[in-house]
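Residues per chain, in single letters:
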Amino acid sequence: METLKRILSAAVLVPLFIFCAFNDYQNGLFFFIILLIAAILGTIELRGFYKQKNVDINTIIIIIFIILSWSLHYFTHYSKTLSIYNAKYNISIILLVLLFLITGIIEVFKSDFSKSLSKISGTLLIFVYMGILFPYVYKIKVLKPNGTFILFFTASLAWLCDSFAYFTGKYLGKHKLNLPVSPKKTLEGFIGGIVLSFASAILVRAIFITKLKHSIFKLHYFIPITLILIAIAIFGDMIESVIKRSVKI
């Protein structure tokens, strides 16, 4: 069942991702919209995680701030003044401080403070995750030159690493890593994910090298960057598992 879910998800999401990623209409408007929707859905999901711990995060306020943050990243391409102002003052950090103040002030007028720390820290964590870090996916796409290729390479590497690790572990795995956060992970899956995704990255670079002008595709940059991205993909997946395990999801 898990294998079927992965195949069906890829069959739906990969073509949609490719279409939106390679569409440059209005500075990647379609890609921006689909990512913003994903950010809002992710915010609601993370808010549900806190709800499992009886911590009530203000959904409306945090979604407003996330929309503001994403809009900032999009409209800086249309306004030179906004772009300069953001580069000088980092508006995302200003939004983070404002969100902290608003969330804190709301708690000032509550009669029960037993969950205040969790509410404030949870709100800030969700905003950093979905409102500050996640927009970099869009910012990668609009990089010049080869932003779309860098984006496609980065996302594909994460997907391939996860998929290769899953299938290698499923069919060849014999030695458990005994990690409490991911008890089913095997040494064979771990090695398979790294080796096969790295080999795929080298192959993709070789196929498209004549079109890749950005300096990160030079071999002496490409190899260490690829290995770093693979490590981030592996541990990022485990960190997400930690978050889910903490709320028994």
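The preceding data block contains the structure.
Calculation criteria
Residues numbered from 1 in each chain as written. Predicted model: local features only at pLDDT ≥ 70, side-chain atom pairs only at ≥ 80, totals over all residues. Heavy atoms only, no water. Axes fitted to C-alpha atoms, helices over the stretch in contact; angles between N-to-C directions. Helix = DSSP H or I, 4+ residues; strand = E, 2+ residues; numbered from the N terminus. Parallel < 35°, antiparallel > 145°, perpendicular 65-115°, else oblique. Contact = heavy atoms within 4.5 Å. Expected span 1.5 Å × (residues − 1). Buried < 20%, exposed > 50% of the residue type's maximum accessible area, 1.4 Å probe, protein only. Salt bridge = Lys/Arg side-chain N within 4 Å of Asp/Glu carboxyl O. Core = buried A, V, L, I, M, F, W, Y, C linked by side-chain atoms within 4.5 Å. Phe/Tyr/Trp six-rings, centres within 6.5 Å; stacked < 30°, edge-to-face > 60°. Lys NZ or Arg CZ within 6 Å of the ring centre and 35° of its normal. Polar contact = N/O pair within 3.5 Å; in protein donor to acceptor, adjacent residues only side chain to side chain.

Participant: Account for the packing of helix H4 (residues 80–89) against helix H5 (residues 91–108), naming residues and giving values.
Facilitator: Packed helices, taken two at a time, are described by the angle their axes make and the gap between the axes. Axis separation between H4 and H5 bottoms out at 7 Å; the angle between their running directions is 65 degrees. Taken as axis vectors, H4 and H5 run roughly perpendicular relative to one another. Contact residues: Leu 82, Tyr 85, Asn 86 and Tyr 89 in H4; Ile 91, Ser 92 and Ile 94 in H5.

Participant: Go over helix H10 (residues 219–246) with me, naming the residues and quoting the values.
Facilitator: Across its 28 residues, H10 extends 40 Å between first and last C-alpha, which sits within 8% of the 40 Å expected from 1.5 Å per residue. Among the residues of H10, those classed as buried are Phe 222, Thr 226, Ile 230, Ile 234, Met 238 and Ser 241. Looking at the buried side of H10, the elements it contacts are helix H8 (147–172) and helix H9 (187–208). Immediately beyond the C-terminal end of H10, within one or two residues, lies Lys 248, with a positive phi of roughly 60 degrees.

Participant: Tell me about H4, residues and numbers included.
Facilitator: In an α-helix there are 3.6 residues to a turn, and that puts residues three or four apart on one side. Burial analysis of H4 places just one of its 10 residues in the buried class, which makes it a mostly uncovered element. Just beyond H4, the residue with positive phi is Asn 90, at close to 55 degrees.

Participant: For the pattern of salt bridges, give the residues involved together with the corresponding values.
Facilitator: What the rule picks out here adds up to six salt bridges. Put simply, Asp 24 and Lys 141 hold a salt bridge, and the shortest N to O gap is 2.9 Å. Of this pair, Asp 24 sits in the loop between helix H1 (2–22) and helix H2 (29–52) while Lys 141 is found in helix H7 (residues 136–141), placing the two residues 117 residues apart along the sequence. For Asp 237, the salt bridge goes to Lys 185, with nearest N and O atoms at 3.4 Å. Remark: Lys 185 occurs in the loop between H8 and H9 and Asp 237 occurs in helix H10; sequence separation between them is 52 residues. Take Lys 185: its relative accessible area is 26%, and that puts it in the partly exposed class. Look at the salt bridges and you will find they share partners, linking Arg 47, Lys 51 and Asp 56 into a network.

Participant: Report on the nonpolar core, specifying residues and quantitative values.
Facilitator: Counting 35 residues, the largest nonpolar core has Phe 31, Ile 66, Trp 70, Phe 127 and Tyr 138 as its most contacted members. Of all the secondary structure elements, the ones that give two or more residues to this core are H1, H2, helix H3 (59–75), H5, helix H6 (116–133) and H8. Apart from the residues lying within four places of it in its own chain, the contact partners of Trp 70 are Phe 32, Leu 35, Leu 36, Ala 39, Met 130, Gly 131, Phe 134, Pro 135 and Tyr 138. One finds Phe 153, Ala 201, Leu 212 and Phe 217 within the second-largest nonpolar core, a separate group that totals 12 residues.

Participant: If you had to explain the environment of Ile 232 to someone new, which residues and values would you point to?
Facilitator: Tracing the sequence through the fold places Ile 232 in helix H10. Spatially, the C-alpha atom of Ile 232 lies 8.5 Å from that of Ala 158, the residues being 74 residues apart in sequence.

Participant: How would you sum up the packing of aromatic side chains? Please name residues and give values.
Facilitator: If you walk through the whole model with that rule in mind, you get 18 aromatic pairs. Judged by centre distance (5.9 Å) and plane angle (25 degrees), the rings of Tyr 25 and Phe 30 are stacked. With a centroid separation of 6.4 Å and 55 degrees between ring planes, the pair formed by Phe 75 and Tyr 78 is classed as tilted. Accessibility expressed as a relative area gives 43% for Tyr 78, which makes it partly exposed. Connected via pairs of aromatic rings, a cluster forms that spans Phe 32, Trp 70, Tyr 74, Phe 75, Tyr 78, Phe 134 and Tyr 138. Note that Lys 170 overlies the ring of Tyr 171, its terminal NZ or CZ placed 5.8 Å from the centroid. Taking NZ or CZ as reference, Arg 205 lies 5.8 Å from the ring centre of Phe 222, over its face.

Participant: So what's going on with the environment of Phe 167? Which residues, and what values?
Facilitator: Examined against the element boundaries, Phe 167 turns out to sit in helix H8. The exposure class of Phe 167 is partly exposed, given its relative accessible area of 30%. What Phe 167 contacts, discounting residues up to four positions off in sequence, is Thr 3 and Leu 172.

Participant: A description of the side chain of Thr 123 should follow, citing residues and the corresponding values.
Facilitator: Structurally, the position occupied by Thr 123 is in helix H6. Among residues more than four places away in sequence, those in contact with Thr 123 are Ile 57, Ile 62, Leu 99 and Thr 103.

Participant: Lay out the side chain of Glu 107 in plain terms, naming residues and giving numbers.
Facilitator: Position of Glu 107 among the secondary structure elements: in helix H5. Polar side-chain contacts of Glu 107 include one of 2.8 Å to the side chain of Ser 116. Those residues in contact with Glu 107 that sit more than four places away from it in its chain are Phe 113, Ser 116, Lys 119 and Ile 120.

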